Amino acid sequence: MAPSRAAAATVPLVSLALALAFGGLLILAAGENPLAVYRAMLAGALGDANGLAETLVKTTPLLLAGLGVAVAFRMRLWNIGAEGQLYLGAIAAAGTALFVLPGAPALVLVPAMIVAGLLGGAAWGLIPGALRAFLGANEIITSLMLNYVAILFAEWLVHGPWRDPQAFGFPGTPTFPAAAWLPRWGTTRVHLGLLFGLIAALLLWGVLRRTRWGYQIAVIGESPRAAHYAGLPTKRTILTVMAVSGALAGLAGMSEVAGIGHQLQRSFSPGYGYTAIIVAWVGRLHPLGIVVVAFGLAALLVGGDQIQLSMGLPAAIGPMLQGVILFFLLGGDALARYRLAWGPPRARPAAAATSPVPEARSPIASGGEGAGG
Amino acid sequence: MDDLLTLAFLTALLAAAIPAGTAILYACLGELLCERAGVLNLGVEGMMLVGALGGFAASQWSGSVWVGAGAALLVGGLLAAIHALLTVGLRANQVVSGLALTLFGAGLSAFLGQGLVGQPVVAAFRDVPVPVLADLPFLGRILFRQDALVYLSYGLVPLLGWFVFRTRPGLRLRAVGERPEAADAMGVGVARLRAGYVVAGGALAGLGGAAISLGTNPGWTENMTAGRGWIAVALVIFAGWDPRRAALGAYLFGGVEAAQFRLQDAGVGIPSFFLAMLPYLFTILVLVLATRERTRRRFGAPAALGRPYLREERG
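Residues numbered from 1 in each chain as written. Chains lettered and ligands numbered in written order. Predicted model: local features only at pLDDT ≥ 70, side-chain atom pairs only at ≥ 80, totals over all residues.

With respect to the overall build of chain A
Here's step 1: Looking only at helices and strands, one finds 13 helices and 0 strands in chain A.
Here's step 2: Written out in order from the N terminus, the α and β elements of chain A read α-α-α-α-α-α-α-α-α-α-α-α-α.
Here's step 3: For chain A, the proportion of its 373 residues judged to be buried stands at 54%.
Here's step 4: Within chain A, counting contacts between residues at least 6 apart in sequence, those at least 24 apart form 78% of the total. (Helix = DSSP H or I, 4+ residues; strand = E, 2+ residues; numbered from the N terminus. Buried ≥ 20, exposed ≤ 12 C-beta atoms within 10 Å, placed from the backbone. Contact = placed C-beta atoms within 7 Å.)

Okay, here's the thing in structure tokens:
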């Protein structure tokens, strides 16, 4: 499975270039000049202090939720419920700011909201985790279904019991007390949440490399059967991994409402939890890689928003390009496993015996065996 | 609440359940074929979305719903071809490739469909009562006052059931999903067959999307499939990879979806947001139950599902 080091470094870059070329064809098909579109996106996202600040704003939730997704994916636990976990974190944090500790000073309230966000996300992640660990239900489907449930729950709150009675138009809760607002950097919207993300990345990097838990995740991910025979606590690890994964996404939601909106709004997340899946995979499930990729994909989103404003093109160009990038990276990785050989076919060298091993278990039919068993 | 239990209400509910379930049914049958061949494709939601958009756009352009349905098959199949190339051709991770397909399909359809949002609908599938049968008491209203795509699905379900379990190509299909090594030894082209079924499955998912954009909710809006592609993926497990059980499951879901609106209209004192959660919660419930049953009876899942086939390692 392991491509050479040179391939590991060049594949993402070549994939990115090819993805942009292919995306350019789609833009061309939609009747636009791809070069002009890309230039406008780049200028909008990174060309000035304002664009750069907005890119950092969007980096924050992508980084936190991407780290969460990566923890689970490392164990081949396909948690695609980051969006819902993010919503639950935001709901828990908003409830804390509005109803539990509305009068508290910032030094009490902000940590309380952090804890609430972490717990809210963790609880939402534990549902598919428990269904998988104890009943063998496929976590891909359950975690995804819970996204819709979480979003509808938030909609009910902002339309119903938590609705700001003084607000007109866009439904949302009342604004949080000022003590709940995360400090911002200068006049930009860049807020403390970015620091949460960077700290979380460093912590996770250490934990995955240095602790028993990190080792268990790696072993169970590589070979559930070996982990079973080695006596590793698979069920408990599923639960803890899903809790941590959800908690990180929950923190992303908390930092969005406390740092950006200062209230819980309808659809405050433009699908950060889904983009986080791409962030995690393109970042090679590595915490430091995820920092870089979160920034890159955030730039793509901001660039998409910018060309919507400046050229009247749909902002969906950002998500579309992200999907293309993921395709090309997947294809590039697969190709990098092959070695080109010139001339007539020969007997395979002994080293080739370590070529790709088929995945031992089928992801959808994991009920009776695999990490659930 | 009394009027909820009348025969008229029940008839109307079931009559609405069938078309609502039909979109899910097409997608579910497509995924079923793909998984029977041993390939997991989590891109159903994305393929449905491009199918919904492609179908609507083509029908707007041509004025014919059948051109729309054909276009939906085509674009669904095209999107699935990417998955076939990546997972069958290059043996990339099937889970991630499928997720990429869903995200790409959602982004692509939102990008290309911007101009079609809110356009007046030129053509849509209309309900066509079947002569004689439509006048049957109770069943007539439920089954035989539907649109052409629904009637087509009535034929497709038994046809696929027969195809998968009773024909030679169906046997080959099951062989590449269960024991690709054995199929290969028999001279079946595993990769070609798998790729073909992935594309066919995508085409059906695309048609499922068109069943929404040209059938139940004519028009185009971003993300209009609202998770039905994922429900279809879950239903394949519930169906035990059997097309006939898939129909049962799809109509059950159509019923939940239809009930949600009817309960709302009937003024049941539950906020609409909670009623809207029903299909998603129901999916989780169904999945858990199906998993329990499957582990108990060990029925269903193709043995090689999700596993790339490497001829060099045939042992």
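What to know about the overall build of chain B
Here's step 1: Per the secondary structure count, chain B includes 12 helices and 2 strands.
Here's step 2: Along its sequence from the N terminus, chain B presents helices and strands in the succession α-α-α-α-β-α-β-α-α-α-α-α-α-α.
Here's step 3: Whereas a compact globule of 315 residues would reach a radius of gyration of roughly 20 Å, chain B reaches 20 Å, a difference of no more than 12%.
Here's step 4: Projected onto its principal axes, the C-alpha coordinates of chain B cover approximately 65 × 45 × 40 Å.
Here's step 5: For chain B, contacts bridging at least 24 residues in sequence account for 79% of all contacts bridging at least 6. (Rg over C-alpha atoms; globule rule 2.2 N^0.38 Å.)

Focus: the interface of chain B and chain A
Here's step 1: In this complex, chain B contributes 48 residues to the contact, which on the side of chain A involves 47 residues.
Here's step 2: Where the side of chain B that touches chain A is concerned, the elements lending two or more residues are α3 (65-89), α4 (94-113), α10 (228-238) and α12 (272-297) of chain B.
Here's step 3: In terms of residues, the side of chain B that touches chain A owes the most to one element, α12 of chain B, which gives 14 residues.
Here's step 4: A breakdown of the residues in the side of chain B that touches chain A according to their chemical character gives 35 nonpolar, 9 polar and 4 charged. (Nonpolar A, V, L, I, M, F, W, Y, C, P; charged D, E, K, R; others polar.)

Let's talk about the packing of helix α4 (residues 82-100) of chain A against helix α11 (residues 272-282) of chain A
All names here are of chain A.
Here's step 1: As a packed pair, α4 and α11 sit with axes 7 Å apart at the nearest point and diverge in direction by 130°. On the basis of the axis angle, α4 is oblique to α11. Our pair here, α4 against α11, has a crossing hand that is right-handed. Residue-level contacts link Ala82, Glu83 and Leu86 of α4 to Tyr272, Gly273, Tyr274 and Ala276 of α11.
Here's step 2: In the contact of α4 with α11, the residues fall into 5 nonpolar, 1 polar and 1 charged. (Axes fitted to C-alpha atoms, helices over the stretch in contact; angles between N-to-C directions. Parallel < 35°, antiparallel > 145°, perpendicular 65-115°, else oblique. Left-handed = near helix turned anticlockwise from the far one by under 90°.)

Quick word on helix α9 (residues 190-216) of chain B
Here's step 1: Along its 27 residues, α9 of chain B runs 38 Å from first to last C-alpha, staying within 8% of the 39 Å computed at 1.5 Å per residue.
Here's step 2: The element α9 of chain B is extensively covered by neighbouring structure, given that 23 of its 27 residues are classed as buried. (Expected span 1.5 Å × (residues − 1).)

Notes on the nonpolar core
Here's step 1: If you look at the biggest cluster of nonpolar residues, it comprises 223 residues, and the most contacted ones within it are Ala65 of chain A together with Cys28 and Leu235 of chain B.
Here's step 2: If one sorts the elements of this core by residue count, α9 of chain B sits on top with 14 residues.
Here's step 3: The next biggest cluster of nonpolar side chains, apart from the first, holds 5 residues, and it includes Leu56, Val57, Val190 and Ile260 of chain A. (Core = buried A, V, L, I, M, F, W, Y, C linked by C-beta atoms within 7 Å.)

Observations concerning the confidence of the model for chain B
Here's step 1: The predicted model of chain B has a mean per-residue pLDDT of 89, with 95% of residues at 70 or higher.
Here's step 2: Across the assembled chains, the prediction reports ipTM 0.86 with pTM 0.88. (pLDDT = per-residue confidence, 0-100.)

What to know about the packing of helix α8 (residues 212-222) of chain A against helix α10 (residues 234-261) of chain A
Residue and element names in this part refer to chain A.
Here's step 1: Between α8 and α10, the shortest axis-to-axis distance is 11 Å and the interhelical angle comes to 110°. As judged from the angle between their axes, α8 and α10 are roughly perpendicular. Between α8, through Trp213, Gln216, Ile217 and Ile220, and α10, the contact on the second element is made entirely by Thr234, Thr237, Thr240 and Val241.
Here's step 2: For the contact of α8 with α10, a count of residues per class yields 4 nonpolar, 4 polar and no charged.

Here's the deal with the environment of Leu29 of chain B
Residue and element names in this part refer to chain B.
Here's step 1: For Leu29, the location among the structural elements is in helix α1 (residues 7-36).
Here's step 2: On the basis of neighbour counts, which here come to 30 C-beta atoms within 10 Å, the residue Leu29 falls in the buried class.
Here's step 3: Setting aside chain neighbours within four positions, we find Leu29 in contact with Leu156, Leu160, Leu204, Pro243 and Ala246.

Examining unusual backbone geometry
Here's step 1: For Ala226 of chain B, which is not glycine, the phi dihedral falls at a positive 50°.
Here's step 2: Looking at the element boundaries, Ala226 of chain B is found in the loop between α9 and α10.

Some remarks on the environment of Ile27 of chain A
Residues and elements named next belong to chain A.
Here's step 1: Along the chain, Ile27 turns up in helix α1 (residues 5-29).
Here's step 2: Judged by the 22 C-beta atoms lying within 10 Å of it, Ile27 is buried.
Here's step 3: Put simply, Ile27 and Asn79 are 52 residues apart on the chain and 32 Å apart in space, counted from C-alpha to C-alpha.
Here's step 4: Here Ile27 is in contact with Glu32, Pro34 and Val37, once residues within four sequence places are set aside.

Re α3 of chain B
Residue and element names in this part refer to chain B.
Here's step 1: With 25 residues, α3 should cover 36 Å at 1.5 Å per step; its first-to-last C-alpha distance of 34 Å lies within 8% of that length.
Here's step 2: With 18 of its 25 residues buried, α3 lies for the most part within the structure.
Here's step 3: Positive phi shows up at Arg91, right after α3, with a value of about 60°.

Looking at the confidence of the model for chain A
Here's step 1: Looking at chain A, the pLDDT average stands at 87 and 88% of residues meet or exceed 70.
Here's step 2: Here residues 347-373 of chain A is a poorly scored stretch, pLDDT under 50, and it has 55 contacts once near neighbours within four places are set aside; other chains count.

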